[in-house]
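Listed here are the chains, written in short residue letters.
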Number of protein chains: 2
Amino acid sequence: MKLTERQEKIIEIVREQGPVIGDDIASILDLSRGTIRNDLSVLTMLGYLDARPKVGYFYKGDPYRMHIRELLESIKVEDVMSVPVVLDEQSSVYDGIVTVFLENIGTIFVTNDGNLVGCVSRKDLLRSAVGKTDLEKTPLSMIMTRMPNLVTIGPDESIYAASIKIERGEVDALPVIQGEEKIRVVGRITKTNINRLVVDLGGDDEIEL
Amino acid sequence: MKLTERQEKIIEIVREQGPVIGDDIASILDLSRGTIRNDLSVLTMLGYLDARPKVGYFYKGDPYRMHIRELLESIKVEDVMSVPVVLDEQSSVYDGIVTVFLENIGTIFVTNDGNLVGCVSRKDLLRSAVGKTDLEKTPLSMIMTRMPNLVTIGPDESIYAASIKIERGEVDALPVIQGEEKIRVVGRITKTNINRLVVDLGGDDEIEL
């Protein structure tokens, strides 16, 4: 729902001066207490304001904004993640490049005996390809970013946590992992997953553009 | 705000059977009209339901979900976009690769006399680098995706439109363009911008992870 201009003004007053009683809000607006009574109960019910007896009104925040946060924190990584693409660390850089094209992905997760030991990005592969590297003889282990320098996430964490980790870690993809000593890769979360979520949250991907 | 169980039930009834009058909703719930009067006005005020005299209540939708859509549609591309990285079409593939590393980007926009004619992704560069291409002698125009096959966006379009175009076009970045005959690149929108927006929409990037 859209707030009225008067309701917006009341929020502003409570935000700046709260806790503040209804009579004071009315006098600042040059209105009677009766006139704003309904506005105050609407704003309290919507969650913008909190009323405490004998103290006055407090500002709680924008309930819609808080709702977005709650929503992002309620979606689990495991409900959104994609299938991980994994190669053994003895695979060649050439195998890595072929895999990137075949699977149409940006990041390969690298394992040793099935346990996550590193990751290789398109940039890592490009660096090798223009260097003097023998692509068929060099193993991925030579060019990968190694654990524990990877940014990872668990299947039970929220998509909001994933989004923050991608932003702060400046990475395109997070391996979704399980286990502590033996780390298994059970999924991947990429910026593509996050973008798709934005499309879905907007509620309609059938828009004509 | 959280809805009560009774309010949720009322929404369900109106959703399935609307338009439906208050008396009928009350009798389905085995309650009096007076008991649900307040629920009906709350749900109407919040925007879930619409009431039409002599017809009854209609279901309008989830106002929070609609709010997210409105929010995404109210943010303009020009308020979120990054600086574009542009090379002339006569630049070599080698120059392109160096630029990707220097600027830490994924997509280069390619121009002729300042007008957008194509784009080159990290994948295009990787393909050239492993091929028989002479990287210093091959111009970007030889390996780029050409207009009009590029997915583009205008500075006045919404970030929601950008998100949908990235998803449907299966691209990492959109050039933000102006002009029709002479197309100037004024910005770029990438999945990184979209992910950063998600972090911001959640309202807090100071969370300890």
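Note that the structure is a prediction, hence the values are computed from the model and not measured. (Residues numbered from 1 in each chain as written. Chains lettered and ligands numbered in written order. Predicted model: local features only at pLDDT ≥ 70, side-chain atom pairs only at ≥ 80, totals over all residues. Heavy atoms only, no water.)

A. Representation of the confidence of the model for chain A within the structure. Across chain A, pLDDT averages 92, with 97% of residues at or above 70. As scored by the predictor, the complex reaches a pTM of 0.82 and an ipTM of 0.81. (pLDDT = per-residue confidence, 0-100.)

B. Main features of the nonpolar core. Counting residues in each nonpolar core, the largest one holds 41 residues, and the members touching the most others are A:L72, A:I159, A:I189, B:L72, B:I159 and B:I189. At the level of elements, helix 4 (63–74), helix 7 (159–169), strand 7 (173–178) and helix 8 (191–201) of chain A together with helix 4 (63–74), helix 8 (159–169), strand 7 (173–178) and helix 9 (191–201) of chain B are the ones that each hand at least two residues to this core. With residues up to four places along the chain from it excluded, the contact list for A:I159 reads A:L72, A:I75, A:V77, A:V80, A:I189, A:I194 and A:L197. (Core = buried A, V, L, I, M, F, W, Y, C linked by side-chain atoms within 4.5 Å. Buried < 20%, exposed > 50% of the residue type's maximum accessible area, 1.4 Å probe, protein only. Helix = DSSP H or I, 4+ residues; strand = E, 2+ residues; numbered from the N terminus. Contact = heavy atoms within 4.5 Å.)

C. Inspection of the domain arrangement of chain A at higher detail. One can read the domain layout of chain A as domain 1 (5–61) and domain 2 (77–200). Computed from C-alpha atoms alone, the centre-to-centre distance between domain 1 of chain A and domain 2 of chain A is 51 Å. (Domains from an automatic or database assignment.)

D. The arrangement of the relation of the copies chain B and chain A in detail. For these two chains of identical sequence, chain B goes onto chain A by a turn of 179 degrees and a shift of 0.1 Å along the axis, with RMSD 0.2 Å. As the rotation angle and translation indicate, the two copies are arranged about a two-fold axis. Taken as a fraction of all interface residues of chain B, those also at the interface in chain A reach 100%, which identifies the copy contact as same-surface. (Least-squares fit on C-alpha atoms with pLDDT ≥ 70 in both.)

E. Structural view of the side chain of B:T99. Residues and elements named next belong to chain B. Position of T99 among the secondary structure elements: in helix 5 (residues 93–103). You can call T99 buried: its relative accessible area is 12%. Residues within four places of T99 in sequence aside, it is in contact with V85, L87, N104, I105 and I108.

F. The arrangement of helix 3 (residues 33–46) of chain A in detail. Compared with an ideal rise of 1.5 Å per residue, which puts 14 residues at 20 Å, helix 3 of chain A spans 20 Å between its outermost C-alpha atoms and is within 8% of the ideal. All of the buried residues in helix 3 of chain A are A:I36, A:D39, A:L40, A:V42, A:L43 and A:L46. Considering only its buried residues, helix 3 of chain A is in contact with helix 1 (5–17), helix 2 (22–29), strand 1 (49–52), strand 2 (56–59) and helix 4 of chain A together with helix 3 (33–46) of chain B. At the exit of helix 3 of chain A stands A:G47, carrying a positive phi of roughly 100 degrees. (Expected span 1.5 Å × (residues − 1).)

G. Representation of the packing of aromatic side chains. On inspection of all chains with the given rule, the structure shows zero aromatic pairs over all chains. Stacked on the ring of B:F58, the Lys or Arg B:R52 has its end atom at 3.9 Å from the ring centre. (Phe/Tyr/Trp six-rings, centres within 6.5 Å; stacked < 30°, edge-to-face > 60°. Lys NZ or Arg CZ within 6 Å of the ring centre and 35° of its normal.)

H. Highlighting the pattern of salt bridges. Residues and elements named next belong to chain A. Counted under the stated rule, the structure contains 18 salt bridges over all chains. For the salt bridge of R69 with E73, the shortest nitrogen-to-oxygen distance reads 2.9 Å. Here R69 and its partner E73 are both found in helix 4, four residues apart, which amounts to about one turn of the helix. Residue E73 is classed as partly exposed on the basis of its relative accessible area of 41%. For D156, the salt bridge is made with K76, and the minimal N-O distance between the two is 3.8 Å. Of this pair, D156 sits in the loop between strand 6 (145–146) and helix 7 while K76 sits in the loop between helix 4 and strand 3 (86–88), and the two are 80 residues apart along the sequence. Residue D156 is classed as exposed on the basis of its relative accessible area, which comes to 55%. (Salt bridge = Lys/Arg side-chain N within 4 Å of Asp/Glu carboxyl O.)

I. The arrangement of the environment of A:I21 in detail. Residue and element names in this part refer to chain A. With respect to the helices and strands, the residue I21 is situated in the loop between helix 1 and helix 2. Residues I21 and K191, 170 residues apart in the sequence, show an inter-C-alpha distance of 47 Å. Ignoring sequence-local partners within four residues, the contact set of I21 consists of V55 and G56.

J. Looking closely at the UniProt feature "domain: HTH deoR-type" (unreviewed entry) in chain A. Annotation from UniProt places "domain: HTH deoR-type" (unreviewed entry) at residues 3–64 of chain A. From the first C-alpha to the last, residues 3–64 of chain A spans 12 Å; its make-up is 60% helix and 13% strand. (UniProt positions renumbered as here; feature names shortened; annotations may be inferred.)

K. Representation of the pairing of strand 2 (residues 56–59) of chain B in the model. Residue and element names in this part refer to chain B. Bridge analysis of strand 1 (residues 49–52) against strand 2 gives four bridges, and the strand direction is antiparallel. By the bridge assignment for strand 2, R52 is matched with G56. Adjacent in sequence and paired antiparallel, strand 1 and strand 2 are bridged by three residues, among which K54 carries a positive phi angle near 65 degrees. (Pairing = 2+ DSSP bridges.)

L. The interface of chain B and chain A, seen in detail. On the chain A side, the residues contacting the 54 residues of chain B number 54 residues. Buried area between chain B and chain A, both sides added, is near 5,200 Å², and the carbon and sulfur share of it is 63%. When the buried area of chain B at its contact with chain A is split by residue, B:R122, B:K123 and B:L126 rank highest and sum to 13% of it. Seen at the junction of chain B and chain A, the total is four salt bridges. In this structure, the salt-bridge partner of B:D172 is A:R122, at a minimum N-O distance of 3.5 Å. At the boundary of chain B and chain A, one finds 14 residue pairs in polar contact (both at pLDDT 80 or more). At the level of elements, helix 3, helix 4, helix 5, helix 6 (122–130), helix 8 and helix 9 of chain B are the ones that each hand at least two residues to the side of chain B that touches chain A. A total of 10 residues in the side of chain B that touches chain A trace back to one element, the largest contributor, which is helix 4 of chain B. (Buried area = accessible area lost by both parts, 1.4 Å probe. Polar contact = N/O pair within 3.5 Å; in protein donor to acceptor, adjacent residues only side chain to side chain.)

M. Quick peek at the sheet that holds strand 3 (residues 86–88) of chain B. All names here are of chain B. If you trace the four strands from one edge of the open sheet to the other, you get 3-4-5-6, paired in mixed fashion. Sheet topology places strand 3 and strand 6 (145–146) at the edges, where each strand pairs with a single neighbour. Pairing analysis gives two bridges linking strand 5 (residues 115–121) to strand 6, with the strands arranged antiparallel. Paired with G118 across the two strands is R146, which belongs to strand 6. Across the sheet, helix 6 touches strand 4 (107–112), strand 5 and strand 6, and the angle it forms with strand 5 is around 65 degrees. (Axes fitted to C-alpha atoms, helices over the stretch in contact; angles between N-to-C directions.)

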